[in-house]
There are 2 protein chains.
Amino acid sequence: MRLAPNGPLLDEAGPDSDVVLSSRVRLARNLAGFPFVNKATVAQRHQVIGLVQRVGLESTLGTGTVWVNLMHATSKERQLLVERHLISRQLAEGDTPRAVAISPDERISVMINEEDHLRLQVLLPGQQLEDALSRANSVDDAVETKLDVSFSRRWGYLTACPTNVGCGIRLSVMLHLPALRMTGEIERVRRAAKELHLAVRGFYGEGSDSTGDLYQVSNQVTLGVSENDLLEQFCQRIVPRLIDYERQARRLLEQSPTTLDDRLHRAMGVLRSARLMGIDEAMKLLSRIRLGACLGRLPDVDLRTVRRLLLQAQPAHLQLAMGSELGEDQLREARATMIREALT
Amino acid sequence: MRLAPNGPLLDEAGPDSDVVLSSRVRLARNLAGFPFVNKATVAQRHQVIGLVQRVGLESTLGTGTVWVNLMHATSKERQLLVERHLISRQLAEGDTPRAVAISPDERISVMINEEDHLRLQVLLPGQQLEDALSRANSVDDAVETKLDVSFSRRWGYLTACPTNVGCGIRLSVMLHLPALRMTGEIERVRRAAKELHLAVRGFYGEGSDSTGDLYQVSNQVTLGVSENDLLEQFCQRIVPRLIDYERQARRLLEQSPTTLDDRLHRAMGVLRSARLMGIDEAMKLLSRIRLGACLGRLPDVDLRTVRRLLLQAQPAHLQLAMGSELGEDQLREARATMIREALT
């Protein structure tokens, strides 16, 4: 598998990209006449995959759409797809018939037999939730003209987990919140988010830590909420406020410029010097220099290089780049070398 | 007060200087007919100073010998003398008539009214204990031809603390033991040293920590030990063994070159990047790059620069270099700037 040269995770051109790395929309859909995935037989799961494959998703996702049968993919390939945020950990780790279709630009992916029969995902750089939702709806339309989808006039789309019932839309943004972390405000933001029924997760979604000060914020409940309400609340109110909090915290940090520069330059110094580096430290330090670059305080740091390193420092990407199976120590050495050379 | 351009603490040319930064000999002497310092009246202490000043130490210490009356010195001047290892903390912090005579090359100092009436000190770069002792004896001869010193045929020189009775000689070496610290062997060495009746102290002697992996090792007891026995045991056996231990530990570290280089280059990276730096961190990191330079693994690090920084990063030296009274934060900033500029 090759990395799209300008995939959504490598693109720094999106709106509000100083804080919002990417926007993601996932629609949960299930096929009528089939039990939910966790109740379906292996044969029924195969049937679901077959039905979706015959929909002709290529006409929406684009020529060159890649189909990956996850039962045949190696663990490294599956990890690579997780690192690119093209599939969820759950889909990667399952042991049942499951697949994913990926658009050539890696902005759209359709997971089959994750928690629901279908999870339609659109991932765009920066804050582009509205655009992502409209693209997700196009994919959904293409699917629904060909397949009979479980829908109740009373409840809306029916999903395996009750929280997704209704419009079945999960909106999420990957936020870079280093200043809120440094000022210690992040916990207050987390609590406020909880009260607003938002999920705040780490870089890899549910159960993952906030590596590199990257937080995935998403709505949790869709039952009884219309698409428009959701868009208005999440896109017009919540996300702008989070962006504003982080920018305020950055301005606060800039009031103690020497303390801030000390942290930024130390991060750069270590990234340019280390001979061994684990993924957690790499993410933490890359996050710092990304902040420095956004604030114009590390003028020789290119934001796109940092973005690329955040992705390529991940274990599966690194293994792939090295071309051979590396042990833990070799991986740490390869990561340090790659980062050092990219930043020097 | 000006720093001697090639004082013993700045000289990297001494024998075994990869491990031994400096050698020091201190002789404890007391004037007959006077109570020990802690029992003497203020008037008697003044008398002792007056008597020593009339000895004509300049003929031994050299033209340009500096006399410092510590009652009149500012706290910064006193701290400066401690940082240069020309006086003890005890002499700096006392509140009684006391003084010090310092040779122009800063290799010899004579403290008056420290624990004993006289403490004659010779400080030389590298392992030069024999030479330091012979110079100390010359100063002692000059003193004893002019002054009546307390000496007992049975016990030898009489001193305020019983451990110094006898030859009254304290030999010590300032050792740089980063590898023993990194390999965790330092505690074993400390225990062995204790069994050999050695004192192992930090950079500033009694009560100080081993900042920057610098350890001051000295004999503790002189009662019943002749000068020759002491020299033989300490210089011929103990110090060479300690040097050997450290060198073995360095070779051990070099068997994992990437891990070692990671530590060395990270230290260099932080020293070259930080905008704020406390003295403890500065000492720790400078110690690391000194190790790197000694092993030839940081080819662009000049050992003499590191030696100079180890001294000039100290608070009083830094204050003096900056020319103004700096607060704690300004001091940390000035230290980081000085180090960064010296190493870049």
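Relevant structure appears above.
This write-up is about the structure you can find in this document. (Residues numbered from 1 in each chain as written. Chains lettered and ligands numbered in written order. Predicted model: local features only at pLDDT ≥ 70, side-chain atom pairs only at ≥ 80, totals over all residues. Heavy atoms only, no water.)

1. Some remarks on the environment of A:A192
Residue and element names in this part refer to chain A. Looking at the element boundaries, A192 is found in helix α7 (residues 186-195). Take A192: its relative accessible area is 32%, and that puts it in the partly exposed class. In the structure, A192 is positioned 60 residues away from L252 in sequence and 20 Å away in space, judged by C-alpha atoms. (Helix = DSSP H or I, 4+ residues; strand = E, 2+ residues; numbered from the N terminus. Buried < 20%, exposed > 50% of the residue type's maximum accessible area, 1.4 Å probe, protein only.)

2. Notes on the pairing of strand β8 (residues 169-176) of chain A
Where a strand is regular, its side chains alternate between the two sheet faces. Residues and elements named next belong to chain A. β8 sits mainly inside the fold: 8 of its 8 residues count as buried. Alternating residues of β8 divide into I169, L171, V173 and L175 and R170, S172, M174 and H176, and every residue in both groups is buried. Of the strand pairs in this sheet, strand β1 (residues 20-29) and β8 are connected by 7 bridges, and their pairing is antiparallel. From the neighbouring strand, V25 faces β8, where its bridge partner is L171. Strand direction decides the pairing type here: β8 and strand β10 (residues 214-219), joined by 5 bridges, are antiparallel. Residue pairing for β10: V173 is matched across the bridge by V217. (Pairing = 2+ DSSP bridges.)

3. Here's the deal with the interface of chain B and chain A
On the chain A side, the residues contacting the 15 residues of chain B number 15 residues. Surface buried jointly by chain B and chain A totals about 1300 Å² across both partners, of which 58% is contributed by carbon and sulfur atoms. Here chain B is connected to chain A by 2 salt bridges. Its salt-bridge partner being A:E281, residue B:R266 comes within 2.7 Å of it at the nearest N-O pair. Between chain B and chain A we count 10 residue pairs in polar contact (both at pLDDT 80 or more) in total. Of the residues forming the side of chain B that touches chain A, the biggest block, 8 residues, is contributed by helix α9 (residues 257-271) of chain B. (Contact = heavy atoms within 4.5 Å. Buried area = accessible area lost by both parts, 1.4 Å probe. Salt bridge = Lys/Arg side-chain N within 4 Å of Asp/Glu carboxyl O. Polar contact = N/O pair within 3.5 Å; in protein donor to acceptor, adjacent residues only side chain to side chain.)

4. Focus on the relation of the copies chain B and chain A
Take chain B, turn it by 180°, move it 0.0 Å along the axis, and it overlays chain A with an RMSD of 0.0 Å. Considering both components of the superposition, the chain copies are consistent with a two-fold axis. Every residue of chain B has its C-alpha some distance from the rotation axis, and the shortest such distance is that of B:G269, at 2.2 Å. With an isologous cut-off of 70% or more, the 100% of interface residues of chain B that recur at the interface of chain A puts this contact in the isologous class. (Least-squares fit on C-alpha atoms with pLDDT ≥ 70 in both.)

5. Considerations on the sheet that holds strand β2 (residues 66-69) of chain A
All names here are of chain A. Reading across from one edge, β2-β3-β4-β5-β1-β8-β10-β9 is the order of the 8 strands in this open sheet, with antiparallel pairing throughout. Because the sheet does not close on itself, it has two edges, and the strands there are β2 and β9 (198-201). Averaged over all neighbouring strand pairs, the angle between strand axes comes to 20°, with direction disregarded. One ladder, built from 4 bridges, connects strand β3 (residues 99-102) with strand β4 (residues 108-112); its direction is antiparallel. What sits directly across from A101, in β4, is V110. Together, β2, β3, β4 and β5 (118-125) form the strand contacts of helix α1 (residues 42-53), whose direction differs from that of β4 by roughly 150°. (Axes fitted to C-alpha atoms, helices over the stretch in contact; angles between N-to-C directions.)

6. Notes on the packing of aromatic side chains
Taken as a whole and assessed by the stated rule, the structure comprises 2 aromatic pairs over all chains. Both rings, one in A:F151 and one in A:Y157, keep their centres 4.8 Å apart while their planes meet at 75°; by these two values the pair is edge-to-face. If you follow B:R29 out to its NZ or CZ, it ends over the ring of B:Y157, 3.4 Å from the centre. (Phe/Tyr/Trp six-rings, centres within 6.5 Å; stacked < 30°, edge-to-face > 60°. Lys NZ or Arg CZ within 6 Å of the ring centre and 35° of its normal.)

7. Describing the environment of A:Q319
Residues and elements named next belong to chain A. One can find Q319 in helix α12 (residues 315-322). When its relative accessible area of 9% is taken as the criterion, Q319 is described as buried. In contact with Q319, not counting residues within four places along its chain, are K76, S324, E325, L326 and L331. At 2.9 Å, the side chain of Q319 forms a polar contact with the backbone nitrogen of L326.

8. Digging into the sheet that holds strand β4 (residues 108-112) of chain B
All names here are of chain B. Spatial ordering of the open sheet is given by β2-β3-β4-β5-β1-β8-β10-β9, a layout of 8 strands whose pairing is antiparallel. Taken across any chain shown, the strands that pair with only one partner, and hence form the sheet edges, are β2 (66-69) and β9 (198-201). Averaged over all pairs of adjacent strands, the angle between their axes in this sheet comes to 20°, without regard to strand direction.

9. Quick notes on the pattern of salt bridges
Residue and element names in this part refer to chain A. One pass over the structure, following the stated rule, counts 42 salt bridges over all chains. Here D213 makes a salt bridge to R181, at a shortest N to O gap of 3.2 Å. Of this pair, D213 sits in the loop between β9 and β10 while R181 is found in helix α6 (residues 178-182), placing the two residues 32 residues apart along the sequence. Sharing partners across several salt bridges, the network here consists of E114, E115, D116 and R119.

10. Remarks on the packing of helix α10 (residues 279-294) of chain A against helix α13 (residues 328-343) of chain A
Residues and elements named next belong to chain A. In contact at an axis separation of 11 Å, α10 and α13 are set at 15° when each is read in the N-to-C sense. When the axis of α10 is compared with that of α13, the two are roughly parallel. Crossing handedness for the pair α10 and α13: left-handed. Contacts from I279, A282, L286 and I289 of α10 reach α13 at R335, I339 and L343. Grouping the amino acids of the contact of α10 with α13 by side-chain chemistry returns 6 nonpolar, no polar and 1 charged. (Parallel < 35°, antiparallel > 145°, perpendicular 65-115°, else oblique. Left-handed = near helix turned anticlockwise from the far one by under 90°. Nonpolar A, V, L, I, M, F, W, Y, C, P; charged D, E, K, R; others polar.)

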